[in-house]
Amino acid sequence: MKNRRKALLFISGFLGITVHAATNPPPQYPLYAEADELYSNTNTYDLTQETYTFSTLWSTPAQEELNFLPGSYHSPIATRGDDTFVLFVDTDHRMKIAHLTNGLFKGETFIDNTLYQPDEFYDGNGGVPGYHTVLFEDGHHSCSLGIDENGYLHIVGDMHNYPRWSTNHLPLRYHDKNIMYWRSDNPLDASSFSFKGDQAGQCPPGYGFTYQFFFNDLNGMLHMTSRTHQWTNNSTRCATYSRFDADTGLWSIIGGLDPDDPNSEPRTFYDDGREYDLGNINNKYSKTCPHGVFDRNNNMHLVTPLLSNPTLNPWGMGSGQHFVDTILYAQSTNGTDYAKADGSSITLPATIDLTSNHADIIYNAPTDRYLSVLGNMAVDYQNNPYTVVRQKSYDPNDNNADNQSIVLGWDGNAWTNYGEIVVATTDFRLVHDPAGVMSYIPDSLDRFYRFWNPSETPEQVNLPAAWPYIKTIDYEYLKKTGDILGLSKIGGELTVVKVEINNRPGMALIDPPVETPANHAPVITAPATATGYDLSVAATDADGDPLTYTWEKTYGPGDASFSVNGTATSSNTTISVSELGTYEFKVVVSDGTDPRISTCYLLATGPGIPATIFQIGGLTVERDTGWNSLVLNASTGTYSFADTEDTNLVFTLTAVALNGDTLDLNSTHLGVDSTARQTDPKTGRINLDEAIVLTVSYVDPSNSLVSLDVDKFGLYWGNGATETTVFTDARANSTNMVAFDHTLYNNLVDYDSTGLDPLTKYNTANWSMTVSIDDTLGLTQSGMGGFMLAYVVDVGGDNLVPYDQWAGSYYPAIHDNDGYGDDAEPGGGDGMVNLVEYALGGNPLVDDATTKLPTIGISEEGGTNWFNYIYNRRLDASARNLTYEVFVTTNLVSGAWTNTTEEAGLAVINADFESVTNRVSNEVEMQQFMKLEIGITE
């Protein structure tokens, strides 16, 4: 079943290890050999000599509904050395990362380390803060990627944090964290990540992050810019710049507190309340996309758009619009002291008009204009900073002034307006290469522009006809090669595109030095896996150093113990856990100098209890019984068996031949005797007229059954036949299997790998598997081979989960939408999530909100007027671990909710539900509001 939720059960683990700094030297970016001579002789760079080669390196389907590509202000692609990594959201709303080496695709993995974790891992709960509950696709789901100086990958999700897995919630593990932030466990390796978004210091400081962008200095030190909540007397937004210390594994803010508010959050640039004023006047807030770069001397340059005029309201725009009108700047030569472009000192955090914190102002919009919120920064051959601003008119009819992109730069003495570069309604990036050549790259135009001297006309470079645009840029690749690597959408797919710059005048690339490491880290040759409760990993060491294997639980509801751990022999270990649920385990493989880490997951279906396997049919050495043990009654055969530990737990497997055919029972296979072979006249293959339907049922009076599923299955063809057998589930999903010889299909197939609906203990009434098989007139024997059930029993345990049983009764129609927070009705739901339907007696597949939601009323009793709130409650709510609480407040804006109502009446509705009336007196308060909160623990 999908999306089962263990509500109110969340424990986060922490891997208590020390990650040593990499032994490799920090990355060195190759500069151009003749660059210094070119600059010293004041030669000009002749852009007309350049030629361009366009190529595509890799493409993949990606999520169409959720911004197909991240905004140009994100950094979802990054290169270190020969390795390029691309972060994207797949068609299933899942974050994935692709790895390319020298432009060739190497592989891709999910950020959470496994193809598909058990669905419990993704379940949220009903108490999610408002902006973390995503009800629509928007630009706040984008993600960014950075690589630190030691090669570790860093990934952040945007303010709405995580590309949603289901209809309206974040994964339970992540929903209330400061930032959706992961770090790879190994350098330049996307196979294993650790979530760090809830670990103070190990994640960037702040909360409510949006528009994140990673950038590196020339030593590879990783920095991140973002818009965050500043929490200064009001919940407005500011710009933050953070840096990562690879030696300590800690992030720190560049800047400090608001000097007027010692309780504020640290920030780098802020608007000192302008946004708050804007919101009070127009119900709007400003939006800022800060940006930073380092020049050839490793000096830092920072730029941030902010709001100066709190009454700004172009065209009387509605709620949710974002405006800025000022571009701010700061620079630093040492990462500690900051200055304006002219060298005069400033103090961070900087704002627009405070004396000591007065930022360098690059540009103020004219009184009849406002600015794009996108910050951009590049430097020329003399390390002078430049930016581009797109100004817009208040008047949508003023086409000449709207969407002008203007180049602004420091000429050594003052900020200079170099005029318009393009007029376009598009976001953009301004970037520079090591030679100081700058490129203006619009993110929705089929061209870009290059200039070395902003006073001269830029060179326009047209993209190939198939390329609609270049959306995001790999800054690290540009610093390494001078070429442009980015992302586009070509042929409906996310595509890595490359623009190679040829014939650069008088310049040649210098390759960075290559040093042999003093120690080779272990290489994980087989990643960590969980088979039942057995964990395993395999690794080698090029230096022949002895390896140790240390396992630790990093996520899960209970305690875990290992049969052997921390030794040279603990590459294989067996775990036991104290509670049911989903667990994450990491193993540290160490040679004593450099550790490498791998991750695996398992769904604990019992506290360390292994599954029982029962197989019907198949090879003699595997099966518990043959198909000829079925009790045959014409077209129907049944077989029942009891569990050896709980003999009252009895399973029954039923096989029914369709279309009036007769079952053919054999020890190895299950077939059909039919009067005529039914084949497709075009292919000669057997069609579904020759079919058997398999079902499974059980009785469990002791409630000892913990879990049930189909583990493996196979097929059979005889007499040298080569045919296709079709297996179909109750929802008409199917999988094809082919046997190429006249023996049993020896290698049983894992059922979970087929895509067929899973069998669980909750959906046996609706689960079935149809098999197209035939045993016709002795010409060709065929059929179902082995069929392997796996189940877990906990004698004496209470394994009945009422909610899951309720959701299972609506299977398969409910399918992927059976979590507490899902709204399963077709067409977008009825506003009642499944937990509410379950608690109030609704049908999750029917729009019944008008008949099931609570009602209100007014009554008089004993001379007192009462405000009544009436709702349905399960009679056995306590046994089902359900709670119902009615709260009251007098003010929806700032009032506190209290549970001071009184329960005033009960009336039995039916055998399962009662009607409950809660009330408060309305003699004193002029207005009151009541709400019902439903909770569940499992």
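This one's a predicted model, so the numbers in the text were calculated from it and none came from an experiment.

Secondary structure assignment for the protein yields 6 helices and 58 strands. Here the protein holds 938 residues, and the buried ones make up 56% of them. Once local pairs closer than 6 in sequence are excluded, the contacts in the protein between residues at least 24 apart make up 62%. Carbon and sulfur atoms provide 48% of the accessible area of the protein, an area that totals close to 37000 Å².

This next bit is on unusual backbone geometry. Each neighbour pair has its own omega, and for Leu-348 with Pro-349 the value is 10°, a cis peptide bond. Note on placement: Pro-349 falls in the loop between β18 (345-346) and β19 (360-364). Even without being a glycine, Asn-102 presents a positive backbone phi close to 50°. Within the secondary structure layout, Asn-102 lies in the loop between β4 (95-101) and β5 (104-110). Residue class for Asn-102 comes out exposed when judged on its relative accessible area of 57%. Phi angles above zero are rare outside glycine, and Tyr-211 is one such case at about 60°. Counting through the fold element by element, Tyr-211 comes out in strand β10 (residues 210-216).

Within this structure, the stated rule accounts for 15 salt bridges. In this structure, Arg-80 and Glu-476 form a salt bridge, with 3.9 Å as the shortest nitrogen-oxygen distance. In this pair, Arg-80 sits in strand β2 (residues 77-80) while Glu-476 sits in helix α3 (residues 475-481), placing the two residues 396 residues apart along the sequence. Exposure class is identical for Arg-80 and Glu-476. Each is buried. Here Glu-914 and Arg-873 are joined by a salt bridge, their closest N and O atoms 3.0 Å apart.

Structurally, the position occupied by Lys-586 is in strand β37 (residues 581-590). Among the residues examined, Lys-586 registers a relative accessible area of 1% and is labelled buried. Residues Lys-586 and Cys-600, spaced 14 residues apart in sequence, show a C-alpha to C-alpha distance of 6.5 Å. A distance of 2.7 Å separates the side chain of Lys-586 from the backbone oxygen of Phe-193, its partner in a polar contact. Here Thr-599 takes part through its side chain, which lies 2.7 Å from a polar atom of the side chain of Lys-586.

Before going further, it helps to examine the sheet that holds strand β36 (residues 572-577). The strand order across the open sheet formed by 4 strands is β32-β33-β36-β35, and the pairing between neighbours is antiparallel. For this open sheet the edge positions go to β32 (523-531) and β35 (560-562), each flanked by a neighbour on one side alone. Going across the sheet, the axis of each strand differs from the next one's by a mean of 20°, ignoring polarity. Pairing of strand β33 (residues 534-540) with β36 involves 3 bridges; the strand directions are antiparallel. The partner of Ser-536 across the bridge, within β36, is Asn-572.

This paragraph deals with the packing of aromatic side chains. Applying the stated criterion to the full structure yields 34 aromatic pairs. Relative to Tyr-698, the ring of Phe-651 has its centre 6.2 Å away and its plane inclined at 45°; by these criteria the two rings are tilted. Note that Phe-651 is positioned in strand β42 (residues 650-657) and Tyr-698 in strand β45 (residues 691-699), a separation of 47 residues in sequence. Under the relative-accessibility criterion, Tyr-698 is labelled partly exposed at 23%. Across from the ring centre of Tyr-270, 5.1 Å away, lies the NZ or CZ of Arg-267, which sits over that ring. If you follow Arg-429 out to its NZ or CZ, it ends over the ring of Phe-213, 4.9 Å from the centre.

Let us look at the side chain of His-301. Locating His-301 in the fold gives a position in strand β15 (residues 300-306). His-301 gets classed as buried once you look at its relative accessible area, which sits at 1%. Side chain to side chain, His-301 and Tyr-329 meet in a polar contact 2.8 Å long. Among all residues touching His-301, those that are not within four sequence positions of it are His-291, Gly-292, Val-293, Asp-295, Tyr-329, Ala-330, Gln-331, Met-377, Val-379, Asn-383 and Pro-385.

Bridging between strand β53 (residues 855-861) and strand β54 (residues 864-874) involves 7 bridges; their strand directions are antiparallel. From the neighbouring strand, Ile-856 faces β54, where its bridge partner is Tyr-869.

A word on the sheet that holds β4. Ordered by their spatial adjacency, 4 strands build an open sheet running β2-β3-β4-β5, and the pairing between neighbours is antiparallel. Here the strands that pair on one side only, and so sit at the sheet edges, are β2 and β5. With direction set aside, neighbouring strand axes in the sheet form an average angle of 20°. Bridge count between β2 and strand β3 (residues 83-89): 4 bridges; the pairing is antiparallel. When the sheet's bridge partners are listed, Arg-80 is paired in β3 with Asp-83.

Secondary-structure assignment places Leu-487 in strand β30 (residues 484-490). Exposure remark for Leu-487: the relative accessible area of 0% places this residue in the buried category.

This brings us to the confidence of the model for the protein. In this model, the protein carries a mean pLDDT of 78, and residues with pLDDT of at least 70 account for 74%. Under a pLDDT of 50 for its full length, residues 113-137 has, in the predicted model, 84 contacts with residues more than four places off or in other chains. For residues 681-686, every residue scores under 50 in pLDDT, and the model assigns this stretch 15 contacts once sequence neighbours within four places are set aside.

This paragraph deals with the pairing of β36. The alternating pattern of β36 places Thr-573, Ile-575 and Val-577 on a buried face and Asn-572, Thr-574 and Ser-576 on a face that is not buried. Of the pairings in the sheet, the one linking β35 to β36 comprises 3 bridges and is antiparallel in character. Within the sheet, the bridge partner assigned to Ala-560 lies in β36 and is Val-577.

What follows covers the environment of Ile-575. Looking at where Ile-575 falls in the secondary structure, it is placed in strand β36. Linking Ile-575 and Tyr-533, residues 42 residues apart in sequence, is a C-alpha distance of 5.5 Å. In this structure Ile-575 touches Tyr-533, Leu-535, Ser-561, Phe-562, Phe-585 and Leu-602, once residues within four positions along its chain are discounted.

Conventions we followed
- Here, residues in each chain are numbered from 1, in the same order as that chain's written sequence.
- Only residues with pLDDT of at least 70 are given local features in this predicted model, and only at 80 or more are side-chain atom pairs given and counted; all residues enter the totals for whole chains, interfaces and linings.
- Side-chain measures were taken over the full set of non-hydrogen atoms in the model, leaving aside hydrogen atoms and water.
- Working definition: helices are DSSP H or I runs of at least four residues, strands are E runs of at least two. Numbering for both runs from the N terminus.
- The buried label applies to any residue whose accessible area, calculated with a 1.4 Å probe on protein chains only, is under 20% of its type's maximum; exposed applies above 50%, and partly exposed to all values in between.
- Residue contacts are defined here by distance: any two heavy atoms, one from each residue, within 4.5 Å place the two residues in contact.
- For the accessible areas, the method is Shrake-Rupley and the probe is 1.4 Å, while residue cover comes only from the protein chains on display.
- We define a salt bridge as a contact between a side-chain nitrogen of Lys or Arg and a carboxyl oxygen of Asp or Glu at a distance within 4 Å.
- Within 3.5 Å is the distance limit for a polar contact, defined as a pair of N or O atoms, with the added protein rule that one can donate a hydrogen and the other accept it, and that residues adjacent in sequence qualify only through two side-chain atoms.
- DSSP bridges decide pairing: two strands pair if at least two such bridges lie between them.
- Convention adopted: a line fitted to C-alpha atoms gives each axis, helices being fitted over their contacting stretch, and angles between N-to-C directions are expressed from 0 to 180 degrees.
- Pairing of aromatic side chains requires ring centres within 6.5 Å, counting the rings of Phe and Tyr and the six-membered ring of Trp. Pairs whose planes differ by under 30 degrees are stacked, by over 60 edge-to-face, and all others tilted.
- Over a ring means this: the NZ of a Lys or the CZ of an Arg is within 6 Å of the ring centre and within 35 degrees of the ring normal.
- One confidence number per residue, pLDDT, is output by the predictor and ranges from 0 to 100.

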